[in-house]
Amino acid sequence: MIRKLTKNDEKLVLAFLSVEPSINLFILGDIEAFGYETDFQELWGEFDYDGRIKAVLLRFYQSFIPYAKGEFDVNGFVSIIKSYSQPIFLSGKSDIVEKFEQFEELNLGEKKITYFAECRSDIHLNLNTVELEVNKAGIDVVDQIIDLRSTIKEFHIRSDARDMLVKSMETKTARTYYTEENGVFTSCVSTTAENSHSAMIVGVCTRNDYRRKGLATAIMKKLFKDVIAEGKVLCLFYDNPEAGRIYKRLGFKDIGMWTMHK
């Protein structure tokens, strides 16, 4: 049986998701920040005959994340997703997302598979004082952050990117650090889905004309220093082997594969 989840289900939901807390960072973070009763976020759960949760589906704006342990009612979740306007964005553990890819009516967009890694300790991190000036972004510079990201050809800037960034800043589920030179934003890095236990690193980028100057290293050090000091686990995606080697030297370990359709 699939039904919409409410605050009354929270104990069961958190126990179910906490088995893989890093993999479920997005769902756990959104529940903690926004709960169950908003116009932009909803959660559904599939229950077995004994009332235990088998699977969960999160909708955050037009993004959907399914999670399950074992077999689940894929058709039921597909019916829910289809009821929302296009385009939709689907992401999650690769073996779970694969079950949705056979449904052409979902009109899933470009597929990207990445490694999912986490860092639970700062023993490998070089947290020396940052030499370059690094700023923490406020809502007043959101447009400059979006503009910088839009210069990176590998990035896909969604139509609701600005609204989502503002919302995440307001709810403290994300933070962004940046560098600038003569009023030009030169590099930035963000977290997303921050909760009381973890934070996902996203959007590491440097404007083309300012690369190889240590800017990305400077903002990453600042982010590491602040997040680790709060006792949170750092998570990130990567698909570049060279980047993977760098992250592993910093203490990150692979914990699975993640698929995104955007």
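Bear in mind the structure is a predicted one, so any value in this text is a computation, not a measurement.

Caption draft 1: Focus on the overall build of the protein. Helix and strand counts for the protein come out as eight helices and 12 strands. Against the 2.2 N^0.38 benchmark of 18 Å for 262 residues, the protein shows a C-alpha radius of gyration of 19 Å, consistent with a compact globule. C-alpha extents for the protein along the principal axes are approximately 60 × 35 × 35 Å. Here the protein, with 262 residues, has 50% of them falling under the buried criterion. For the protein, the share of sequence-separated contacts (at least 6 apart) that also reach a separation of at least 24 residues comes to 65%.

Caption draft 2: Expanded view of the environment of D160. Mapped onto the fold, D160 is located in the loop between α5 (142-150) and α6 (161-170). Note: C-alpha distance between D160 and Q62 (98 residues apart in sequence) is 9.2 Å. Not counting the four nearest positions on each side in its chain, D160 is found in contact with Y61 and Q62.

Caption draft 3: Highlighting the sheet that holds strand β11 (residues 233-238). Here we have 12 strands laid out as an open sheet, ordered β1-β2-β3-β4-β5-β12-β6-β11-β10-β9-β8-β7, and mixed in their pairing. Each edge of the open sheet carries a strand with a single partner, namely β1 (2-4) and β7 (135-136). Both strand β9 (residues 184-192) and strand β10 (residues 198-206) contribute to a ladder of five bridges, which runs antiparallel. Each bridged residue has a counterpart across the sheet, and for T191 the counterpart in β10 is I201. The strands that helix α3 (residues 74-82) touches are β1, β2 (41-47), β3 (53-60), β4 (63-68) and β5 (89-93); relative to β3, the one it contacts most, it runs at about 15°.

Caption draft 4: Main features of the packing of α5 against α6. It is at 10 Å that the axes of α5 and α6 come closest, and there the two elements cross at 130°. When the axes of α5 and α6 are compared, the pair comes out oblique. Crossing geometry of α5 relative to α6 is assigned as right-handed. Listed contacts from α6 to V142, D143, I145, I146 and R149 of α5 are A161, R162, L165, V166 and M169. Of the residues assigned to the contact of α5 with α6, the class counts are seven nonpolar, no polar and three charged.

Caption draft 5: Spotlight on a nonpolar patch on the surface. On the surface, a cluster of nonpolar side chains totalling about 250 Å² of accessible area is made up of I113, Y115 and M257. Of note, M257 is situated in strand β12 (residues 253-261). Using a relative accessible area of 34% as the deciding quantity, one classes M257 as partly exposed.

Caption draft 6: Quick look at the packing of aromatic side chains. In this structure the tally under the stated criterion is 20 aromatic pairs. Judged by centre distance (5.0 Å) and plane angle (15°), the ring pair of Y115 and Y238 falls under stacked. Of the two residues, Y115 sits in strand β6 (residues 111-119) while Y238 sits in strand β11, which places them 123 residues apart along the sequence. Look at Y238 and you get buried, because its relative accessible area is 7%. Where F116 meets W258, the ring centres are 5.5 Å apart and the plane angle is 50°; that geometry is what we call tilted.

Caption draft 7: Broad picture of the pattern of salt bridges. In total, this model carries 19 salt bridges according to the counting rule given. Across the pair R52 and D50 runs a salt bridge, and its minimum N-O distance is 3.0 Å. Of the charged contacts in the structure, one is a salt bridge between K232 and E194, with a shortest N-O distance of 2.7 Å. With K232 in the loop between α7 (215-229) and β11 and E194 in the loop between β9 and β10, the pair connects residues that are 38 residues apart, well separated along the chain. Comparing K232 with E194, the two get one shared label, buried. Here the salt bridges do not stand alone but share partners, grouping R175, E194, E230 and K232 into one network.

Caption draft 8: A look at α7. Taking 1.5 Å per residue as the helical rise, α7 with its 15 residues ought to reach 21 Å, and the 21 Å between its terminal C-alpha atoms agrees with that figure. Three or more residues of α7 are buried, namely L215, A218, I219, M220, L223, F224, V227 and I228. Buried residues belonging to α7 abut β8 (176-181), β9, β10, β11 and α8 (241-249). Positive phi shows up at G231, right after α7, with a value of about 75°.

Rules used throughout
Residues numbered from 1 in each chain as written. Predicted model: local features only at pLDDT ≥ 70, side-chain atom pairs only at ≥ 80, totals over all residues. Heavy atoms only, no water. Helix = DSSP H or I, 4+ residues; strand = E, 2+ residues; numbered from the N terminus. Rg over C-alpha atoms; globule rule 2.2 N^0.38 Å. Buried < 20%, exposed > 50% of the residue type's maximum accessible area, 1.4 Å probe, protein only. Contact = heavy atoms within 4.5 Å. Pairing = 2+ DSSP bridges. Axes fitted to C-alpha atoms, helices over the stretch in contact; angles between N-to-C directions. Parallel < 35°, antiparallel > 145°, perpendicular 65-115°, else oblique. Left-handed = near helix turned anticlockwise from the far one by under 90°. Nonpolar A, V, L, I, M, F, W, Y, C, P; charged D, E, K, R; others polar. Patch = residues over 30% accessible without salt bridge, like charges linked within 9 Å, V, L, I, M, F, W, Y side chains within 5 Å. Areas by Shrake-Rupley, 256 points an atom, 1.4 Å probe, with all protein chains shown as cover. Salt bridge = Lys/Arg side-chain N within 4 Å of Asp/Glu carboxyl O. Phe/Tyr/Trp six-rings, centres within 6.5 Å; stacked < 30°, edge-to-face > 60°. Expected span 1.5 Å × (residues − 1).

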